[in-house]
Every structure is written in C-alpha cells, then in structure tokens.
Amino acid sequence: MNKSFFSIRPLAALRVGYGLLSLLVVACADPVDDDVTPPVVPPTVAAVNWAARADSAQAALSLGFFSPTGQYYLESNAGNADFNYWWQAHGLDVLTDGYQRTKSADYLTRMRQLQQGTKAKNGNSYLNDFYDDMEWQALACLRAFELTKDPDYKATAALLWADIKLGWNEQQGGGIAWRKSQRSYKNTPANAPAAILAARFYVLDRNPEDLAWAQKIYTWEKAKLVDPASGLVWDGVNRLGDGQTDKDWRFTYNQGTFIGAGVALYRATQQGSYLEDATRTANYVLNDSQMAPGGILKDEGNGDGGLFKGILVRYLTELATEPAVSAASRASYVSFLKFNGESLYKRGTRRPQFLFNTNWTALPGSSVESSTQMSGVMMLEALADLQARNVL
C-alpha cells in the first residue's frame, strides 16, 4: 500500500508484513516411540520495525508543526507561529533522513518548500547574524545536495560557507565567533560544526583550502574547549568578556558536534588521531552520570535545548557506523542508542499524534515544541538506519 508519509499510520499497520516464526520440526530416531514429547514452541514475537516507527514520527512532525502557508516549522503544535531559523536547518536534516531511507518524492517536495519558506521568513536571505545558525543550514544543505544532486542546495551551502569564514578572527587565539555582533566570544556551537562543514566540502570538491580550514578550526576547538583527559567538550570562552571558559555548560550537542568533527576529519585525512578524539568524547558521554543519567541522555528543556539530544544522536550514529571503529566500541554505541530509542518510543504519545517529551523517560504533554519533536524523529531515524545496516 503506497501511502504518503504525511498520513499517520495506525498502530496496527506497524505489524503488517511481519512473518510468523516457523515451527520447529524434530525428527524421531524411533518411529514407533510414542513417548517422544514435542518441543515447546515459543509464542510469536514480531520484530521491531524502526522504519515504521520513524514514518509515524515524521508524519506527526509534518501534520502538527509545519505551516502550509508559511512553509516552515512552527515553534510548537499549539499554534505558536514563531520562526526559529536554526530549527529549520534541522527540519531539513530530518526530511533528508526520511528521503535517504525511503526515496519518497514527498520528502523532496517538503524539502523544497521548507527552503523557500526559510529564506522568505529570514528576510529573503539565508545569511544570519549567528555563525552557528548558518553552519547548521549549510550542513543540512550540503547533505541534501549529496543525496539529491540538486545544485541549489550546494549553492546555498557555498554561499553560507563563504560568509562563515569571515567569522574567524584572532581574539581568543583564533576560532570563529558565535555571532557577527560579538566577535570576541568563541564557542563550540560555532566551531565544531564549521569544522564538519569544511571537511565535508573537502571530501566533495577536494579543494585543499577547505581541508586547511577544517584542520585550523578543529585544532583551535580542541586546544581551547576540550578537556584532554576526559574528552568533555566545554561550551565557550569569553562570553562575558572576561576570558573565562564556561566549563559548567555541559551540553549534549557540544559533545555530538565534536564527535562529528573528528569523524569528518578522519574521513577526509584517514588520520587516526581524529577518530581517537571522537571515541574519547563518545565514551565520556556514555559513562558520565550527568550527561546520561541511568544511560538515558539528559533532559535539556524546551526551546533550543530540545534539539540538543538529537544532534548528539546524529553524530554518535555516524561514529557507530564508521568502519574503522572497533567492534567493541561500535557495539557499545549501538547499545546506547537503542536503549535511548526504546525509552523514547515507550514514552511517546501516539494519539492524536506521535509526540515526544524533552525527557525521554516521561510522557509528553499535549503541547510540544518542534525542536523537541525533531530530536525524537532523529532518534528513530538513527535506529532505522542502524537496522537497515544490520548493526542493530
């Protein structure tokens, strides 16, 4: 049955297509022996279909949060029409997840609609005061180009990348500023994603200048904002103009973007040190009781924080699927992701939409913000991807 992903599938449909387990057949050595007891056949258990679950979550995001007139994701499903530029970038990434998995033209249509709406709501421009916001948009566009080959996506990513590079200055010893109006404040959100972007541009075009940028940004980020012993990634330096590092700001997405930067640079250079850095930070996340209490990624609230866990999940999944990662590390990352995904799924509200909470161990209320919903979709899409790769 070919149905649009914009229609929520009923729960019963998730079970369609599951085959029954075959009964065991035991041959008797003595055909006249009537005392042979047949084996006990366990009850039929349907395999988990993470792709179907991702379909349901994608449909809920589309039906409950997307403005058909404005063509952008609203702040919430409660009618709040506020526009958050960087949330739209993750909306594009989520749609790209769906397209990569299904190859459905519905996703392509929505991706184009979202880009048109984002540009219109942002003053008919993709440029922004915040360098990190532009980096998220550029990363999503570059990935969309890689999957669709639509040159408009690459042109947007290139436009943004040219402007992002202007954010580099020598205050704090280098690094890209957080925003154009605060050039002395440098943070992980503006630098780790930029390193990913530069490395991916290098892999795509083989322009040595892009690789040089990726390495320069990464080197600054690692020296200034990463604990060399634990791999913990701090948020930023000189936010208040005092030269101090915000070491108490420990956000999941900062760990995720540094992991992503290490993976991207490893793929660009094949230098093992980058993968070692990514693994160290990933292991910190898995073993830190504040980052993942009880093995579940912590609640970082609504608003921008609603996106943080999904970003960590995206880049941890990239590390888990990197062939050069050891089998033991891969198994631990996949187990962690699955444990989080199962907790999220069990606490999702399925009626009238498949909604998620900021706390992946609790049921959501009726009002959910699109940032939080996107993180939940990212989690289910990650598990669908792992299942398709036969590593789940």
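The structure presented is a predicted model; accordingly, all values stated were derived computationally and were not measured. (Residues numbered from 1 in each chain as written. Predicted model: local features only at pLDDT ≥ 70, side-chain atom pairs only at ≥ 80, totals over all residues. Heavy atoms only, no water.)

Colleague: Explain the environment of Glu381 to me, please; I cannot follow it from the model alone.
Modeller: As for its position among the elements, Glu381 is in helix H12 (residues 370-388). With residues up to four places along the chain from it excluded, the contact list for Glu381 reads Ala54, Gln58, Asp97, Gly98 and Arg101. (Helix = DSSP H or I, 4+ residues; strand = E, 2+ residues; numbered from the N terminus. Contact = heavy atoms within 4.5 Å.)

Colleague: For this particular structure, what's the right way to read the layout of surface pockets?
Modeller: Over the atoms, a rolled probe matching the size of one water molecule traces out where space is still vacant. Taken as a whole, the largest pocket encloses approximately 790 Å³ of empty space. Every residue lining the largest pocket is counted, 30 residues in all, and those nearest its centre are Gln100, Arg143, Glu318, Asp385 and Arg389. Those elements giving two or more residues to the lining of the largest pocket turn out to be helix H2 (85-102), helix H4 (131-148), helix H6 (188-205), helix H8 (252-269), helix H10 (308-320) and H12. Looking at the lining of the largest pocket residue by residue, the classes come out as 14 nonpolar, four polar and 12 charged. (1 Å grid on protein atoms, 1.4 Å probe; cavity = no way out; pocket = protein on both sides within 12 Å on 5 of 7 lines; lining within 4 Å. Points joined across faces, edges and corners; volume = space filled by probe spheres on them. Nonpolar A, V, L, I, M, F, W, Y, C, P; charged D, E, K, R; others polar.)

Colleague: Would you mind showing me how to read the packing of H4 against helix H5 (residues 151-164) here?
Modeller: Two quantities define a packed helix pair, namely the angle between the helix axes and the distance between the axes. Direction vectors running N to C along H4 and H5 enclose 150°, while the axes themselves pass 8 Å from each other. Relative to H5, the element H4 is oriented roughly antiparallel. Between H4 and H5 lies a crossing of left-handed hand. Between H4, through Tyr131, Met134, Glu135, Gln137, Ala138, Cys141, Leu142, Ala144, Phe145 and Thr148, and H5, the contact on the second element is made entirely by Pro151, Tyr153, Lys154, Thr156, Ala157, Leu160, Asp163 and Ile164. A per-class count over the contact of H4 with H5 returns 12 nonpolar, three polar and three charged. (Axes fitted to C-alpha atoms, helices over the stretch in contact; angles between N-to-C directions. Parallel < 35°, antiparallel > 145°, perpendicular 65-115°, else oblique. Left-handed = near helix turned anticlockwise from the far one by under 90°.)

Colleague: Quick question: what am I supposed to make of the sheet that holds strand E3 (residues 236-237) here?
Modeller: Sheets are built from strands that pair by backbone hydrogen bonding, the pairs being arranged parallel or antiparallel. Spatially, E1-E2-E3 is the arrangement adopted by the three strands of the open sheet, whose pairing is antiparallel. Each edge of the sheet is formed by a strand with only one pairing partner; in this case those strands are strand E1 (177-179) and E3. Taken together, the two bridges between strand E2 (residues 182-187) and E3 define a ladder with antiparallel strand orientation. Among the inter-strand pairings, Lys186 is bridged to a residue of E3, identified as Val237. (Pairing = 2+ DSSP bridges.)

Colleague: Hey, could you run me through the pairing of E2 in this one?
Modeller: Taken residue by residue, a regular strand's side chains alternate between the two faces of the sheet. Both E1 and E2 contribute to a ladder of two bridges, which runs antiparallel. Following the sheet pairing, Arg179 is matched in E2 by Gln182. In sequence, E1 turns back onto E2 through a hairpin of two residues.

Colleague: Just to check I follow, could you spell out the pattern of salt bridges for this structure?
Modeller: As a working rule, side chains carrying opposite charge can pair if their charged atoms are close by. Evaluation of the coordinates by the stated rule reveals 16 salt bridges. The closest approach of N and O atoms between Asp93 and Arg143, which form a salt bridge, is 2.7 Å. Of this pair, Asp93 sits in helix H2 while Arg143 sits in helix H4, and the two are 50 residues apart along the sequence. By relative accessible area, Asp93 is classed as buried at 6%. (Salt bridge = Lys/Arg side-chain N within 4 Å of Asp/Glu carboxyl O. Buried < 20%, exposed > 50% of the residue type's maximum accessible area, 1.4 Å probe, protein only.)

Colleague: Which parts of the structure should I look at to understand the side chain of Lys309?
Modeller: With respect to the element layout, Lys309 can be found in helix H10. Despite its burial, Lys309 pairs with no opposite charge, the nearest such side chain being Asp299 at 4.8 Å. Separated by 3.2 Å, the side chain of Lys309 and the backbone oxygen of Lys298 make a polar contact. Apart from the residues within four sequence positions on either side, Lys309 is in contact with Thr252, Leu297, Lys298, Asp299, Glu300, Thr358, Trp360 and Ser375. (Lys, Arg positive; Asp, Glu negative; His and termini not counted. Polar contact = N/O pair within 3.5 Å; in protein donor to acceptor, adjacent residues only side chain to side chain.)

Colleague: I would appreciate a short explanation of the packing of H4 against H6 in the present structure.
Modeller: Across the interface, H4 lies against H6 with an axial gap of 9 Å and an inter-helix angle of 25°. In terms of their interaxial angle, H4 and H6 are classed as roughly parallel. Both H4 and H6 take part in a crossing whose hand is left-handed. When H4 is examined against H6, the residues Asp132, Glu135, Trp136, Ala138, Leu139, Leu142 and Phe145 are found in contact with a partner set consisting of Pro189, Ala190, Asn191, Pro193, Ala194, Ile196, Leu197, Arg200, Phe201 and Leu204. Grouping the amino acids of the contact of H4 with H6 by side-chain chemistry returns 13 nonpolar, one polar and three charged.

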